[in-house]
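# Summary of the model geometry
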Amino acid sequence: MNISCSAEKRVLEIPPKGQAIIGGFWSPENGLNSLPTVLQWKDGKVHSLEPLRITENIDAECYDWKSYYLQPGWLDAHVHLALDSLDFYQCLKNWENPNLIYKNIQAYLQTYLNLGIVAIRDGGDQPGFAWFARNRLYEGSWLGPRVISVHEAVNRKGMYGRFLGRGFDGISDWQTNIINFYTQGIDQLKVIVSGLIRFDNFRVVGPTQWTVEELQRIVLTAHQRGILVMAHASGEEGISVAIDAGVDSIEHGYYMTSEHLNKMKNQGIAWIPTVSPIGNILKYPTNRYSAKEIDTLKRILETQLAVIYEAYQKNVRIGIGTDAGAYLVPHGESLYDEMDWLIQAGIPRLEVYSMATRENARILGQNDLGRLTIHTPMNLLQLTAKYYV
Ligand SMILES: [Zn+2]
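Just so you know, these numbers come straight off a predicted model, no measurement behind them.

### Topic: helix H2 (residues 98-114)
For H2, spanning 17 residues, the distance from its first C-alpha to its last is 24 Å, which sits close to the expected 24 Å at 1.5 Å a residue. Among the residues trailing H2, Gly116 stands out with phi positive, at a value near 85 degrees.

Shown next as structure tokens:
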């Protein structure tokens, strides 16, 4: 079996039963313990965590992991495995060659594991590449993190999201196709509520695709099946519609207002603010954008970070999702960018780590993830470099 060792950016092969000395451990429930500890595992699961005693007899088989902390594996709540972070239009052309896409996806999956990311939620692609990957992982023929997949998104035909889903010609078209849509298989439902933000025009967002009543009907079909609903929504109107329709999470949520946050707090709706697609363009300079665009991006970034801190203070549920696959948002590495952005917003590091583990597990609808207790499977944990807070 395996455990991710993000400290060395690789996966370690370990026997089902073993013992190690670790430098300490962290979990969202119990916080940080930075004392040397003896870890034992059996049947691939944590069996005991006991303080190391000076007099202890350490058997020769014991792993020396003193320079690592043990903690829950990271989770990324928003990725697109079918996108390559390099060139959106070229990538869509490459979709005509599925074998190339599958090869790319397998490499991304390995990167996720190497970096300690043990599960990801995929926000969809029209041909269903990520869904295909999800199925290879479940049957064990591919190696990688657990993938929670929306398969394809629900968007309105002729509006934003053509590469994410087939598109429905209004609510009656959706209703005709409900059975077909669900029987093709989904883990979560993704709805496209608003269009894209513009990099050259502050506060301008593409049109809203559904009325509250329409979206409520779509959301209900998922909730009746016990399926969580993630909503791509930005801008005053789009976010309001998504909240009023009772979705479970708002993805992106650029131009979120205080009023939105209050409602989300009351309704228990999570926010995945995906700072990296904006922030990384500024962090890793590129000549792709004009001075005006860079200026707008700076304003969007500043605004987003300020509202994220407000959300944190108001105790709104915040998840960590990168939108990996977007330009300059590479699969795996970008989760570290995203966590850094939230720390930069003013949220304490360990609170951000809780979001990337415990809160994300809730957003992914996966109870066994994001925790470290006795009986947690070793392959859902990771060995990180020691950190100081
Ligand atoms: Zn997305």
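So, next bit.
### Points about the packing of aromatic side chains
Under the criterion given, the structure shown has 25 aromatic pairs. Between the aromatic rings of Tyr353 and Tyr387, the centroid separation amounts to 5.2 Å while the plane-to-plane angle is 80 degrees, which identifies the pairing as edge-to-face. Here the residue Tyr353 occupies a position in helix H11 (residues 349-364), and Tyr387 occupies one in the segment after strand E15 (381-385), the gap between them amounting to 34 residues. Taking relative accessible area as the criterion, Tyr353 reaches 7% and is therefore assigned buried. Note on Tyr387: relative accessible area 9%, which makes it buried. Following the ring pairs from residue to residue traces out a cluster consisting of Trp26, Tyr69, Trp74, Tyr336, Tyr353 and Tyr387. Over the aromatic face of Tyr182 sits the side chain of Arg225, whose NZ or CZ is 4.0 Å from the ring centroid.

### Considering the pattern of salt bridges
Counted according to the given criterion, the structure contains 12 salt bridges. Between Arg166 and Glu152 there is a salt bridge, with the nearest N and O atoms lying 2.7 Å from each other. With a gap of 14 residues between them, Arg166 in the loop between strand E10 (146-149) and helix H4 (171-183) and Glu152 in the loop between E10 and H4 connect regions that are remote in the sequence. Judged by its relative accessible area of 29%, Arg166 is partly exposed.

### A look at the coordination of the zinc ion
Six octahedral donors at a metal ideally form angles of 90 or 180 degrees, and four tetrahedral donors ideally form angles of 109.5 degrees. Every protein donor of the zinc ion is accounted for by His78 (NE2) and His80 (NE2), and the metal-donor separations fall at 2.0 Å. Assessed through its relative accessible area of 0%, His78 is described here as buried. Among the residues examined, His80 registers a relative accessible area of 6% and is labelled buried.

### Overview of the sheet that holds strand E13 (residues 249-252)
Strand order in this open sheet of 4 strands is E11-E12-E13-E14, and the pairing throughout is parallel. With one partner strand each, in any of the chains shown, strand E11 (189-192) and strand E14 (270-272) form the two edges of the open sheet. For this sheet, the mean angle separating the axes of adjacent strands, direction not counted, is 25 degrees. As defined by bridge partners, E11 adjoins strand E12 (residues 229-233) across 4 bridges and the pair is classed as parallel. Paired with Leu189 across the bridge in E12 is Val229. Strands in contact with helix H5 (residues 212-223) are E11 and E12; relative to E11, the strand with the most contacts, it is inclined by about 170 degrees.

### Let's talk about the sheet that holds strand E9 (residues 117-122)
Backbone-to-backbone hydrogen bonds pair the strands of a sheet. The strands run either parallel or antiparallel. A sheet is described by the order of its strands in space; here 3 strands give the open sequence E8-E9-E10, paired in parallel fashion. Both outer strands of the open sheet, strand E8 (74-79) and E10, are each paired with one neighbouring strand and no more. The sheet shows a mean angle of 15 degrees between the axes of neighbouring strands, taken without regard to direction. As judged from the 4 bridges shared by E9 and E10, these two strands associate in the parallel manner. Of the residues in E10, the one forming a bridge with Arg121 is Ile148. The strands touched by H11 are E8, E9 and E10; relative to E8, the strand with the most contacts, the crossing angle is about 60 degrees.

### With respect to empty space enclosed by the protein
Taken as a whole and judged by the stated rule, the model has 1 cavity of 30 Å³ or more. Empty space within the largest cavity amounts to approximately 30 Å³. With 4 residues, H2 is the largest single contributor of residues to the lining of the largest cavity. In terms of residue class, the lining of the largest cavity is built from 7 nonpolar, 1 polar and 1 charged.

### A short note on the domain arrangement of the protein chain
Domain boundaries assigned for the protein chain yield domain 1 (2-73 + 371-385) and domain 2 (74-364). Centre-to-centre, using C-alpha coordinates, domain 1 lies 32 Å away from domain 2. Opposite the 18 residues of domain 1 that make contact, domain 2 presents 17 residues. When the two sides are added together, the surface that domain 1 and domain 2 hide from each other amounts to roughly 1,300 Å², 62% of it contributed by carbon and sulfur. Inspection of the region where domain 1 meets domain 2 yields 0 salt bridges. Remark: the boundary between domain 1 and domain 2 carries 2 residue pairs in polar contact (both at pLDDT 80 or more). Counting only elements with at least two residues in the side of domain 1 that touches domain 2, the list comes to strand E1 (2-5), strand E2 (10-13), strand E7 (63-72) and E15. Here the element with the most residues in the side of domain 1 that touches domain 2 is E1; it accounts for 3 residues.

What counts, and where the lines are drawn
- Residues numbered from 1 in each chain as written.
- Predicted model: local features only at pLDDT ≥ 70, side-chain atom pairs only at ≥ 80, totals over all residues.
- Heavy atoms only, no water.
- Helix = DSSP H or I, 4+ residues; strand = E, 2+ residues; numbered from the N terminus.
- Expected span 1.5 Å × (residues − 1).
- Phe/Tyr/Trp six-rings, centres within 6.5 Å; stacked < 30°, edge-to-face > 60°.
- Buried < 20%, exposed > 50% of the residue type's maximum accessible area, 1.4 Å probe, protein only.
- Lys NZ or Arg CZ within 6 Å of the ring centre and 35° of its normal.
- Salt bridge = Lys/Arg side-chain N within 4 Å of Asp/Glu carboxyl O.
- Donors = N, O, S within 2.8 Å, 3.2 Å for Na, K, Ca; no water.
- Pairing = 2+ DSSP bridges.
- Axes fitted to C-alpha atoms, helices over the stretch in contact; angles between N-to-C directions.
- Contact = heavy atoms within 4.5 Å.
- 1 Å grid on protein atoms, 1.4 Å probe; cavity = no way out; pocket = protein on both sides within 12 Å on 5 of 7 lines; lining within 4 Å.
- Points joined across faces, edges and corners; volume = space filled by probe spheres on them.
- Nonpolar A, V, L, I, M, F, W, Y, C, P; charged D, E, K, R; others polar.
- Domains from an automatic or database assignment.
- Buried area = accessible area lost by both parts, 1.4 Å probe.
- Polar contact = N/O pair within 3.5 Å; in protein donor to acceptor, adjacent residues only side chain to side chain.

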